[in-house]
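Here are the chains, one letter per residue:
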4 protein chains.
Amino acid sequence: MTQMFGQHFLQIPGPSAVPDRVLRAISMPVIDHRGPEFAELAKTVLGGIKRIFRTVHPVLIFPGSGTGAWESAVVNLLAPGDRVLMVETGHFATQWRKLTEKWGIEIDFIPGNWRDWADPQVISERLAADTEHKIKAVMVVHNETSTGVVSPIKAIRDAIDALGHPALLLVDAISSLGSLRYEHDAWGADVTVTCSQKGLMLPPGLAFVALSPRAIEAARTGGSRRSYWDWSEMMALNQTGFFPYTPATNLLYGLKEAIALLEEEGLDNVFARHDRLAAAARAAVEGWGLEVLCENAEAHSSVLTAVVMPEGHDSDTFRHHVLEKYNLSLGQGLTRLKGKIFRIGHLGQCNELTLMGTLSGIEMGLRDLQVPFSARGVQAAMQCL
Amino acid sequence: MTQMFGQHFLQIPGPSAVPDRVLRAISMPVIDHRGPEFAELAKTVLGGIKRIFRTVHPVLIFPGSGTGAWESAVVNLLAPGDRVLMVETGHFATQWRKLTEKWGIEIDFIPGNWRDWADPQVISERLAADTEHKIKAVMVVHNETSTGVVSPIKAIRDAIDALGHPALLLVDAISSLGSLRYEHDAWGADVTVTCSQKGLMLPPGLAFVALSPRAIEAARTGGSRRSYWDWSEMMALNQTGFFPYTPATNLLYGLKEAIALLEEEGLDNVFARHDRLAAAARAAVEGWGLEVLCENAEAHSSVLTAVVMPEGHDSDTFRHHVLEKYNLSLGQGLTRLKGKIFRIGHLGQCNELTLMGTLSGIEMGLRDLQVPFSARGVQAAMQCL
Amino acid sequence: MTQMFGQHFLQIPGPSAVPDRVLRAISMPVIDHRGPEFAELAKTVLGGIKRIFRTVHPVLIFPGSGTGAWESAVVNLLAPGDRVLMVETGHFATQWRKLTEKWGIEIDFIPGNWRDWADPQVISERLAADTEHKIKAVMVVHNETSTGVVSPIKAIRDAIDALGHPALLLVDAISSLGSLRYEHDAWGADVTVTCSQKGLMLPPGLAFVALSPRAIEAARTGGSRRSYWDWSEMMALNQTGFFPYTPATNLLYGLKEAIALLEEEGLDNVFARHDRLAAAARAAVEGWGLEVLCENAEAHSSVLTAVVMPEGHDSDTFRHHVLEKYNLSLGQGLTRLKGKIFRIGHLGQCNELTLMGTLSGIEMGLRDLQVPFSARGVQAAMQCL
Amino acid sequence: MTQMFGQHFLQIPGPSAVPDRVLRAISMPVIDHRGPEFAELAKTVLGGIKRIFRTVHPVLIFPGSGTGAWESAVVNLLAPGDRVLMVETGHFATQWRKLTEKWGIEIDFIPGNWRDWADPQVISERLAADTEHKIKAVMVVHNETSTGVVSPIKAIRDAIDALGHPALLLVDAISSLGSLRYEHDAWGADVTVTCSQKGLMLPPGLAFVALSPRAIEAARTGGSRRSYWDWSEMMALNQTGFFPYTPATNLLYGLKEAIALLEEEGLDNVFARHDRLAAAARAAVEGWGLEVLCENAEAHSSVLTAVVMPEGHDSDTFRHHVLEKYNLSLGQGLTRLKGKIFRIGHLGQCNELTLMGTLSGIEMGLRDLQVPFSARGVQAAMQCL
């Protein structure tokens, strides 16, 4: 009984639904990437994206995915044999670890239960023990997309600084930037990476890397063998509005429009909207008598809400049901959470009624599959909006 | 406090939200309307639209609006001084009457309270009294868009036939075709008019007229002065895939795609979907303790639900509120219903979650404005889906 | 041997190629035509289109074609039995005449050979003979699309005025507005009609009527039976940004963009561009040793160039050949010119290289079909650019 | 005097003009890259692209540029200290060399004058001298985009095989695939790399790598540190229709459409079309009395034609002029050719009239700037079409 008519509700935690203004922008004809019109476009988006990262330092844009942005951070700063400190916040922290290991980096991996944030206190203890300053970088995921848990970047920076430890701070803001408050400069990140298909509301295909002066200096003399993801030539050419190799022109058109959308609404309003929607989503989960995966009340994500499926019910069966019956895509549980949770994305352009449609679909799906629950989630969510 | 971000919920009873496949189709480059590629397109849409009207007879497509389709029906069949029977089902029946009067037609207008259908019994009585057969046509609105009341076309045809009265049956299916079951041939309509922006899910700009052999014959010898809306030359040229004057090419691209969408889902499934959504909408209204405008249980529309605003509350104030706060467009009360009702459109591509988002927005809006109501509508609607 | 790959050269004299900015604009989602956002759009386009007509008086926009605009001019001003003066400039003047006749108007039709303009002198003589002022209107085609001949509107107005004759001046600027210089107010037109798919660079589907105060006054008390094409209610509602029936929203989005395109380039630059392109097209025809249909050197059109096919060669065979081999659409000869001419459209967004591609395709096509000609047209055209 | 109205002629040798069908395809809404609809899309494009490479072995698609595809070939097969043989065909061969050097590879670089192909005889001599088989790979650019010279891949493979040398053959088909005949399997390439914005007629943003069983085996055990560009996980996941990290969904929509376009025309017809256009372009250059950069009559490219600017004239001045006056983008001379040549792209969807428009623009531009030349190029080009 497939009923895939009408509006698809793409409520995975990224790629997020792309606004139609952005879709139209990416359908503009390609232009000469070495011509004057392109240079103007490049300067506009390279300037605008800084305001979204809240930085005055360079932000680099690569044709690539968030995985590429991770790699860019690693290969420009770390050499085989270097040691870093990472925290097991969930699937994506684990993936970033794997990637980093492939580059021969030694990783001090603070274990986690995938339900809590990266604890500044634990990070502080590990760094304090590193009296020889062998740890070159602390690498943390800001918003762990697999779990809906947000880590306190500023507090982690403060912990590093309090010890006078020279470690760089590398942050994955892949699913947070543009939806959750994030302050590259004020929070003291050295590298912040993101991609196009989450809070920036674009299709996938762009990788972003925001730098600090310390990171730029470290890359100048260190890092691994690299070419594609190298920062130096990119930074030099960007000054003139060009790129060392052909950029993904049409996604840059979309980026210009996406930045305009965020700034028309106002970044603070954007963040407040997502906080409001997330509070409603959690109220719904509570109303259903289900459990939010995140166990730390200070760490709830405003980008997505991961919901624990009751024992004896498979979350993938549930997800397939709501996709087929209600044209609703929810995020799956990844690796160790497979079948155990579903994730509700409320990032990007999500608004009140899109969320309410989504929560209604979940409530009806739980009912359809006779999952033990209380049909009070939708009602509870409306109280928050 | 404008919050016009994210998905707009266009839930007026037309223009309905246009599927993105249709929007992309209408953005294709214009072609020569006298060339071979155009002829193929024309034949495809002229053939396909017959299947939607459920007719084997010609359907004509004019650049124009539904009002133009009304005029086309009038001027091809009626001459000044002719008499017709019309029924006051609501605002649009009244508008059609006004248009017809401008053409010098004498109108026998059966009064109505805008909350009931066109009663076949009353029509039968009027025709029975017309022993001289002066009434040339019965003109009825199938789905009265201003009230959400559906009139029984087949029963009206049967009433005419039972009397052996020669009156033609002219039907306005403007807001029903493509969403509500409609059978031009089987129900015995002589002319059925519609437009592009309702159940056909296109932008406004096309007027459609489906004919019967009797109507074609009547037009051949009768009617008023006319040129643009004339049927004869249009029918002749359509046979070869062309039009007497430049057709609205890009809307025809969209029409091809819209017909494909309807037929991929299956017309019977489309009708069942709208019945299901409408039942849920009425359940919501009942849950809120509010009143559906339509008082005839057999006549409820599956295209829209008109809701009576409680005394002391203005429906336009309410509509402006939900537009600004929830990005939701609802239909207004027209003329004598101004400020007294709001209309929920659930036609076209509307699906379960779009409806639930809509109903949530209404429920929150009623709460925000402290309208006396019970917050049980959304819950009740989910029971029906 | 079909080779329909790559860029199609749509060089018929309308519909003209639609700029991609306009195509994207018309693919925006539909909005509530009774909401505030629509009112703003309506005011923008209703204001902007006045600047294109060069008038301060109302311009009305109907969902319809140019034929509808013709009808609107006729039914609002003329009643059955009224007499008008028209000039046989070509196919479209003849079509307008037929339409007017259907409305019961008596037509004094000045014969023409389809190769010359509407002669102000002849018009003057006819009006001078009309001492009783029975002629209510002079109806002239500005740019005769079927022949590429332009008539001198200002001179005709002067001729009427010189006689003190009260006839209204009704002008068909269907294929000229937006490409050829046209001055509704300064030239003293009472009604100017056009449509969307020529100089305005939109898909077909909109009819435009520009009025003078005299026309408005005449329509207030006179004209034929009418409803759809009536001016009074349209003018009244337009004041508030709305329309008496659902307007063709998405084409209005496109109109906004098209007006922006024309004004970004500057109307005077637009006119100069078309003059330049037309001079090049005529130089090509001369270079080929072929004949331009227009025999009056003062009357050459900058919108299209009609070329006489040498004896013994069929222009439709030629057109089919260049369509199939070079993906080039040229305009056909209409009615009495069928098979005898082809028409090169260089209106709308046509620019130098588009024209040169077009002329190259013609030159190669003439060669392919062994038409007697001299292969010096392309070379000659470049001299003019 | 900017005249940037109308159709832009994007005639650089990539990015090439994107067909409007492809532009519309990439504007479709994003879908869940882990859902069933995506898997179907992925299988379609992964299967289709094999037919374009003419291979039955895996083709991998990365979010990235052609530079990324180069890097992928290098890091999966070569380790620091490995030796390869490359040929200086022009700017891009030189760039690929630089990238390879960054990975610590030792390069035997056969010098060239940027006007000739990679000579199989010279390659054979170098390999014959490598009796210890230290050379792990021969790396050649098929169509050197900076010069318009095509190297004989099959002959190079034969030369390697004739010696029984085990070197892998790595080919850059970046600007040739989809426009020039290319046979990955039949010609014995081990790796062929390309990107989206040339013969595939997409916007930039995708990197492609076609493999041979030998290459797959070599990568399994060898190569450098890598993660993003690694083949193994990509190949494994592709089998199920998924990717190790988020793919560039919307460009994959476009790829599906682009493959359809190529196969509707037929690859052999596509290649013949480009051969025909290139012959016309060279005829034009000869007609102007100018020099084609490529000095080897067997090596002329059907993708682009590089033209030597007469002494005393700067090709960039010329390019800026035709951009501003004729809305025509031509390719610049790169590095050592800067200011000395301009490049005419006639790849992708270019057809006869687009080329003729382009050549006309060049001829008029040469005249405008009083470059010594003969105005017979356009005429000569038409002889070939």
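Residues numbered from 1 in each chain as written. Chains lettered and ligands numbered in written order. Predicted model: local features only at pLDDT ≥ 70, side-chain atom pairs only at ≥ 80, totals over all residues. Heavy atoms only, no water.

## Some remarks on helix H9 (residues 249–265) of chain B
Then comes step 1: Compared with an ideal rise of 1.5 Å per residue, which puts 17 residues at 24 Å, H9(B) spans 25 Å between its outermost C-alpha atoms and is within 8% of the ideal.
Then comes step 2: In terms of burial, H9(B) is largely enclosed, as twelve of its 17 residues are buried.
Then comes step 3: Taken together, the buried positions of H9(B) are Thr249(B), Asn250(B), Leu251(B), Leu252(B), Tyr253(B), Gly254(B), Leu255(B), Ala258(B), Ile259(B), Leu261(B), Leu262(B) and Glu265(B).
Then comes step 4: At its buried positions, H9(B) is contacted by helix H1 (20–26), helix H2 (36–53), strand E2 (59–63), strand E10 (206–211) and helix H10 (267–288) of chain B together with helix H1 (20–26) of chain C.
Then comes step 5: Phi turns positive, to about 95°, at Gly266(B), one or two residues after H9(B). (Helix = DSSP H or I, 4+ residues; strand = E, 2+ residues; numbered from the N terminus. Expected span 1.5 Å × (residues − 1). Buried < 20%, exposed > 50% of the residue type's maximum accessible area, 1.4 Å probe, protein only. Contact = heavy atoms within 4.5 Å.)

## Considering the interface of chain C and chain B
Then comes step 1: Facing 52 residues of chain C, the contacting portion of chain B comprises 52 residues.
Then comes step 2: Of the roughly 3900 Å² buried where chain C meets chain B, counting both sides, 62% is carbon and sulfur surface.
Then comes step 3: Summed over the shared surface of chain C and chain B, the number is ten residue pairs in polar contact (both at pLDDT 80 or more).
Then comes step 4: Put simply, the parts of the chain that give the side of chain C that touches chain B at least two residues each are H1, helix H3 (66–77), helix H4 (91–102), helix H9 (249–265), helix H11 (315–326) and strand E13 (328–332) of chain C.
Then comes step 5: A per-class count over the side of chain C that touches chain B returns 26 nonpolar, 17 polar and nine charged. (Buried area = accessible area lost by both parts, 1.4 Å probe. Polar contact = N/O pair within 3.5 Å; in protein donor to acceptor, adjacent residues only side chain to side chain. Nonpolar A, V, L, I, M, F, W, Y, C, P; charged D, E, K, R; others polar.)

## Concerning the confidence of the model for chain A
Then comes step 1: With 99% of its residues at a pLDDT of 70 or more, chain A has an overall mean of 97.
Then comes step 2: Both scores are given for the predicted complex: the pTM is 0.97, the ipTM 0.97. (pLDDT = per-residue confidence, 0-100.)

## A few points about the sheet that holds strand E10 (residues 206–211) of chain D
All names here are of chain D.
Then comes step 1: Sheet architecture is open: seven strands sit in the order E2-E10-E9-E8-E5-E3-E4, paired in mixed fashion. In this open sheet, the two edge strands, each paired with only one partner strand, are strand E2 (59–63) and strand E4 (106–110). Mean inter-strand twist for the sheet, computed between neighbouring axes without regard to direction, equals 20°.
Then comes step 2: Two strands pair when backbone bridges link them, and strand E8 (residues 168–172) and strand E9 (residues 191–195) are joined in this way by three bridges, in the parallel orientation. In the sheet register, Val171 faces E9, and the bridge partner there is Thr192.
Then comes step 3: Of the strands in this sheet, E2, strand E5 (135–141), E8, E9 and E10 are in contact with helix H3 (residues 66–77), which crosses E9 at around 160°. (Pairing = 2+ DSSP bridges. Axes fitted to C-alpha atoms, helices over the stretch in contact; angles between N-to-C directions.)

## Some points on the relation of the copies chain C and chain B
Then comes step 1: For the pair chain C and chain B, the superposition axis carries a translation of 0.0 Å, the fit reaches an RMSD of 0.0 Å, and the rotation angle comes to 180°. Here the copies are linked by what is in effect a two-fold axis. For chain C, the minimum C-alpha distance to the rotation axis belongs to Gly64(C) and amounts to 2.5 Å.
Then comes step 2: An overlap of 100% is found between the interface residues of chain C and their copies at the interface of chain B, pointing to a shared contact surface. (Least-squares fit on C-alpha atoms with pLDDT ≥ 70 in both.)

## Observations regarding the sheet that holds strand E14 (residues 341–345) of chain B
All names here are of chain B.
Then comes step 1: With mixed pairing, the five strands of this open sheet are ordered in space as E1-E13-E14-E12-E11. In this open sheet, the two edge strands, each paired with only one partner strand, are strand E1 (9–11) and strand E11 (291–292).
Then comes step 2: Bridge count for E1 against strand E13 (residues 328–332) is three bridges, and the pairing is parallel. Residue pairing in the sheet places Gln11 in a bridge with Leu330 of E13.

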